[in-house]
Amino acid sequence: MHPRPAPPGGALALSPGGRPDGGGARGPCWPWRKWKQLSRLQRMMVLFLLVVLMLFGLRSYVHVADEWTAVDSRSAAAGQMRPANPPVLPAPQKAAENPEAVAGLSPQKPQRHFRRGPPNLQIRAPDGDPQERRQDRAQRRAEVVGEAGWGAEAQRDGLRWRGAGTKLEQGPRHPPKKAEFFGWPFQQQALRIRASRTPQNERQKAVVDAFLHAWAGYRKFAWGHDELKPLTRSFSEWFGLGLTLIDALDTMWILGLKKEFQEARKWVSKKLRFRKNVDVNLFESTIRILGGLLSAFHLSGDILFLKKAEDFGNRLMPAFRTPSKIPYSMVNIGTGVAHPPRWTSDSTVAEVTSIQLEFRELSRLTGDKKFQEAAEEVTRRVHALHGKLDGLVPMFINTNSGSFTHLGMFTLGARADSYYEYLLKQWIQGGKKERQLLEDYLEAVDGIRKHLLARSEPRKLTFVGELNHGRFSAKMDHLVCFLPGTLALGAHHGLPAEHMELAQALMDTCYQMYRQMETGLSPETAHFNLHHTKILKDVQVKAADRHNLLRPETVESLFYLYRLTGDRKYQDWGWEILHSFNTYTRVPSGGYSSISNVQDPRHPQPRDKMESFFLGETLKYLYLLFSDDPDLLSLDTYVFNTEAHPLPIWAPS
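Residues numbered from 1 in each chain as written. Predicted model: local features only at pLDDT ≥ 70, side-chain atom pairs only at ≥ 80, totals over all residues. Heavy atoms only, no water.

- As annotated in an unreviewed UniProt entry, the protein chain carries the name alpha-1,2-Mannosidase and comes from Bos indicus.
- Listed in UniProt under the heading Pathway (unreviewed entry), the comment for the protein chain reads: "Protein modification; protein glycosylation."
- What UniProt states about the protein chain under its Sequence similarities (unreviewed entry) heading is, verbatim, "Belongs to the glycosyl hydrolase 47 family." (UniProt positions renumbered as here; feature names shortened; annotations may be inferred.)

### Considerations on the overall build of the protein chain
Now for step 1: Across its full length, the protein chain carries 21 helices and 18 strands.
Now for step 2: Here the contacts in the protein chain between residues at least 6 apart in sequence split such that 71% fall between residues at least 24 apart. (Helix = DSSP H or I, 4+ residues; strand = E, 2+ residues; numbered from the N terminus. Contact = heavy atoms within 4.5 Å.)

### Considerations on the state of the cysteines
Now for step 1: For the structure shown, the criterion picks out one disulfide.
Now for step 2: Each disulfide pairs two cysteine sulfurs, and for cysteine 481 the partner residue is cysteine 510, the sulfurs being separated by 2.1 Å. On the S-S bond that ties cysteine 481 to cysteine 510, the torsion sits near -105°, and the link is left-handed. Pair noted here: cysteine 481 is in the loop between strand E14 (475–477) and helix H17 (483–492) and cysteine 510 is in helix H18 (residues 497–515), with a separation of 29 residues, a long-range link.
Now for step 3: For cysteine 510, a relative accessible area of 0% translates into the label buried. (Disulfide = S-S within 2.5 Å. Buried < 20%, exposed > 50% of the residue type's maximum accessible area, 1.4 Å probe, protein only.)

### Focus on the sheet that holds strand E12 (residues 466–468)
Now for step 1: The three strands are arranged E9-E12-E13 in an open sheet whose pairing can be described as antiparallel. Edge positions in the sheet fall to strand E9 (409–410) and strand E13 (471–473), since each of these pairs with one other strand and no more.
Now for step 2: In the sheet, E9 pairs with E12 via two bridges, with the strands oriented antiparallel. Paired with methionine 409 across the two strands is asparagine 468, which belongs to E12. (Pairing = 2+ DSSP bridges.)

### Structural notes on the pairing of strand E15 (residues 525–528)
Now for step 1: Going residue by residue along E15, you find Thr525 and His527 tucked away on one face and Ala526 and Phe528 tucked away on the opposite face as well.
Now for step 2: When E15 meets strand E16 (residues 539–540), the two strands line up antiparallel, connected through two bridges. Following the sheet pairing, histidine 527 is matched in E16 by glutamine 540.

### Quick word on a nonpolar patch on the surface
Now for step 1: Among the surface-exposed residues, Val46, Leu47, Leu50 and Leu53 lie close enough to one another that they form a single nonpolar patch of about 360 Å² accessible area.
Now for step 2: Inspection of the secondary structure puts leucine 53 in helix H2 (residues 40–81). (Patch = residues over 30% accessible without salt bridge, like charges linked within 9 Å, V, L, I, M, F, W, Y side chains within 5 Å. Areas by Shrake-Rupley, 256 points an atom, 1.4 Å probe, with all protein chains shown as cover. Salt bridge = Lys/Arg side-chain N within 4 Å of Asp/Glu carboxyl O.)

### Focus: a negative patch on the surface
Now for step 1: Together, Glu443, Asp446, Glu498 and Glu501 make up a region of like negative charge exposed at the surface.
Now for step 2: Of all the secondary structure elements, the ones that give two or more residues to the negative patch are helix H16 (435–451) and H18. (Lys, Arg positive; Asp, Glu negative; His and termini not counted. Charge placed at Lys NZ, Arg CZ, Asp CG, Glu CD.)

### A word on the sheet that holds E15
Now for step 1: On the basis of which strands lie adjacent, the open sheet formed by three strands has the order E14-E15-E16 and antiparallel pairing. At either margin of the open sheet sits one strand with a lone partner, and together these are E14 and E16.
Now for step 2: Packed onto the sheet, H18 meets E14, E15 and E16 and runs at close to 105° relative to E15. (Axes fitted to C-alpha atoms, helices over the stretch in contact; angles between N-to-C directions.)

### Considerations on the environment of glutamate 443
Now for step 1: Considering the arrangement of structural elements, one finds glutamate 443 in helix H16.
Now for step 2: The sequence separation of glutamate 443 and leucine 392 amounts to 51 residues, and the corresponding C-alpha distance is 8.1 Å.

### Regarding the nonpolar core
Now for step 1: Grouped together as the largest cluster of nonpolar side chains are 159 residues, with contacts concentrated most on Trp215, Leu245, Leu249, Phe359 and Leu412.
Now for step 2: The element contributing the most residues to this core is helix H10 (residues 282–300), with ten residues.
Now for step 3: Those residues within four positions of leucine 249 in sequence are excluded, and the remaining contacts are Phe261, Ala264, Val268, Ala296 and Phe305. (Core = buried A, V, L, I, M, F, W, Y, C linked by side-chain atoms within 4.5 Å.)

### So, the packing of H18 against helix H20 (residues 569–584)
Now for step 1: At a minimum axis distance of 11 Å, the contact between H18 and H20 shows a crossing angle of 25°. Classified by the angle their axes make, H18 and H20 are roughly parallel. For the crossing formed where H18 meets H20, the hand is left-handed. Contacts between H18 and H20 involve Gln504, Met507, Asp508, Tyr511, Tyr514 and Arg515 from the former and Lys569, Tyr570, Trp573, Glu576 and Ile577 from the latter. (Parallel < 35°, antiparallel > 145°, perpendicular 65-115°, else oblique. Left-handed = near helix turned anticlockwise from the far one by under 90°.)

### Focus on the packing of aromatic side chains
Now for step 1: Enumeration according to the criterion identifies 22 aromatic pairs in this entry.
Now for step 2: Aromatic side chains phenylalanine 320 and phenylalanine 359 sit 5.6 Å apart centroid to centroid with 75° between the ring planes, which places their arrangement in the edge-to-face category. One end of the pair, phenylalanine 320, is in the loop between helix H11 (303–316) and strand E4 (330–332); the other, phenylalanine 359, is in helix H13 (residues 356–366), and 39 residues separate them in sequence. Across this residue pair, the class does not change: phenylalanine 320 and phenylalanine 359 are buried.
Now for step 3: Clustering of aromatic rings is evident, with ring pairs tying together Phe211, Trp215, Tyr218 and Trp223. (Phe/Tyr/Trp six-rings, centres within 6.5 Å; stacked < 30°, edge-to-face > 60°.)

### With respect to the confidence of the model for the protein chain
Now for step 1: Here the protein chain shows a mean pLDDT of 82. Residues at 70 or above account for 74%.
Now for step 2: Segment residues 1–25: pLDDT under 50, and 20 contacts once partners within four positions in sequence are set aside and those in other chains are kept.
Now for step 3: Scored below 50 in pLDDT, residues 141–196 shows 147 contacts in the model against residues more than four places distant or in partner chains. (pLDDT = per-residue confidence, 0-100.)

### Overview of the side chain of glutamine 356
Now for step 1: Along the chain, glutamine 356 turns up in helix H13.
Now for step 2: Classification of glutamine 356 by relative accessible area gives buried; the value is 0%.
Now for step 3: In contact with glutamine 356, other than residues within four places in its own chain, are Ala375, Val378, Thr379, Tyr422 and Gln426.

### A closer look at unusual backbone geometry
Now for step 1: Cis geometry is adopted by the peptide bond preceding proline 458, which originates at glutamate 457 and carries an omega value of 5°.
Now for step 2: Phi at histidine 406 is positive, roughly 50°, even though this residue is not glycine.
Now for step 3: Positionally, histidine 406 belongs in the loop between strand E8 (404–405) and E9.
Now for step 4: Of note, arginine 415 is a non-glycine position whose phi angle comes to about 80°, a positive value.
Now for step 5: When you line up the elements, arginine 415 lands in the loop between E9 and helix H15 (417–429).

### Observations regarding the pattern of salt bridges
Now for step 1: For the structure shown, the criterion picks out 26 salt bridges.
Now for step 2: Here aspartate 302 ties to arginine 265 by a salt bridge, and the two come within 2.3 Å at their closest N and O atoms. Pair noted here: aspartate 302 is in the loop between H10 and H11 and arginine 265 is in helix H9 (residues 258–271), with a separation of 37 residues, a long-range link.
Now for step 3: Taking the shortest distance from any N to any O, the salt bridge between arginine 380 and glutamate 377 comes out at 2.8 Å. Here arginine 380 and its partner glutamate 377 are both found in helix H14 (residues 370–383), three residues apart, which amounts to about one turn of the helix.
Now for step 4: Taking relative accessible area as the criterion, arginine 380 reaches 41% and is therefore assigned partly exposed.
Now for step 5: A relative accessible area of 22% means that glutamate 377 is categorised as partly exposed.

### Focus on helix H6 (residues 202–221)
Now for step 1: Under the 1.5 Å per step criterion, the end-to-end length of H6 is 29 Å for 20 residues, consistent within 8% with the ideal 28 Å.
Now for step 2: H6 sits mainly inside the fold: 14 of its 20 residues count as buried.
Now for step 3: Between a side-chain oxygen at the N-terminus of H6 and the backbone nitrogen of arginine 203 the separation is 3.1 Å; the capping residue is asparagine 201. (Expected span 1.5 Å × (residues − 1). Polar contact = N/O pair within 3.5 Å; in protein donor to acceptor, adjacent residues only side chain to side chain.)

Written out as structure tokens, the structure reads:
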């Protein structure tokens, strides 16, 4: 056995107490001796490893602390965001089962169809940069976390089935932080209205049956696509964003269709993605998608719909980047490129002035003022333009110059209709404080009376015609039948009583557009007889105008007139219209179809298309028309956008 070599400088002797004065047992200075024995390189390596370990330890500690803090804040925030007492809508009653509509249905792959969407429609996610893809994945994770944030009940039963409304404070808001899901910068308060517990009557049950039949066709043959083609049992795409499903969300909630609503919500959560290389129409996508998501949020209180609405609203904003601040009519929600239609640099006046309700509400909920500022800038510029006729506006506006084009043409039909509607409804939405909107609306009603009203023969029906460079045309689109309801709504909110008188007269005319047709359904456009003869009916139809698209405007106005007058004849007229829809447009395999000839009950010539607004508007208004409960979406609490999506009237600041 070889003895251990003595350290340099001689051996040390150990004292009996073990101190390092001789050698043997390790004393208190042993680590230091070992450290001194290491070379400089070895010491540097050890120090480096210690520093690395300390950094990793510190980072882990911060991460764990943040996680615990986030858990506590999520619980607190979720408790604050859920309305404390939201009695806006009642817990929906279970609808009567409809064997024809609900038996054995499940989403199926639709049959191949040969009519493709527009040539420029590409439902393909753009390549994008890695950061954008990471943000998309983060958004998906946030949605999953958001669903869990509502607690076990959200996982077990989807949602709390108590209608949630919001009454939000006005004033400045702090914009939401991008990575902050649970710190949403708004406070929900319950709208104080009585919860309706009135059971569904027989007519409402008939509307529910019609909805379930239409929904069954969509669910079976067009699930997740824009519109159902009921005859060929397939679908058509416009934007590729599930238009019918989103348009129908609030209708299902109002009708009490809990199962269908939850299934649709799941699709929105898992499948609805806006990062697509596809052009959408600013107006149509705003009123249907943005409006539908905001309404679904207000009625259900589910933050998922508000998150989707904010994402979509941000993707529409490039449309406002024009020299005049008048938005382009088309915008690509994937690339952010906006442009006018291929055939013109103009937008229609209705398109650019009928997005304000939705953009204003989105700003109010998110605290981001850019949506409201962009939309209201359009309103201010249109207000100041020359080319109006006693409050009436032309149909087109140029996005470069910001001026009206095609001067001298005035109508309340296509391309101009909802301009007038949104003047009144913005005034109501904002608490009746924006005087400019009211003045423009009142001037326009006077202009309608002065230039566009006439009476037909032989029944003396009051109708709204068109003016083309001073020449009056006795032509009235079915779209104009929104006007009776709008006039009645204004009278309800304190405008002159003569507005209600005109509303009732025009309501009679819109009903006769149905009554005088052999199928009991209105044509798309009517021409009124002005000659004193009993041979001709008041309502004349040209071959190109005799189709019916399942439009809602007449039943919309019937709802307003019944709600505000209590006259049950309006309910009876709506019941006749529903019967005609069931007789001539209902497809046995599921869904309803537009028809080409309202004058031929034997061969109405179905067109194989169910517009999304049939579920989003027509059936919703029929259901509300047949309700005798004035607190079911009270007109003192809600204002409907032009796609029948209810948004809350703002509380006074």
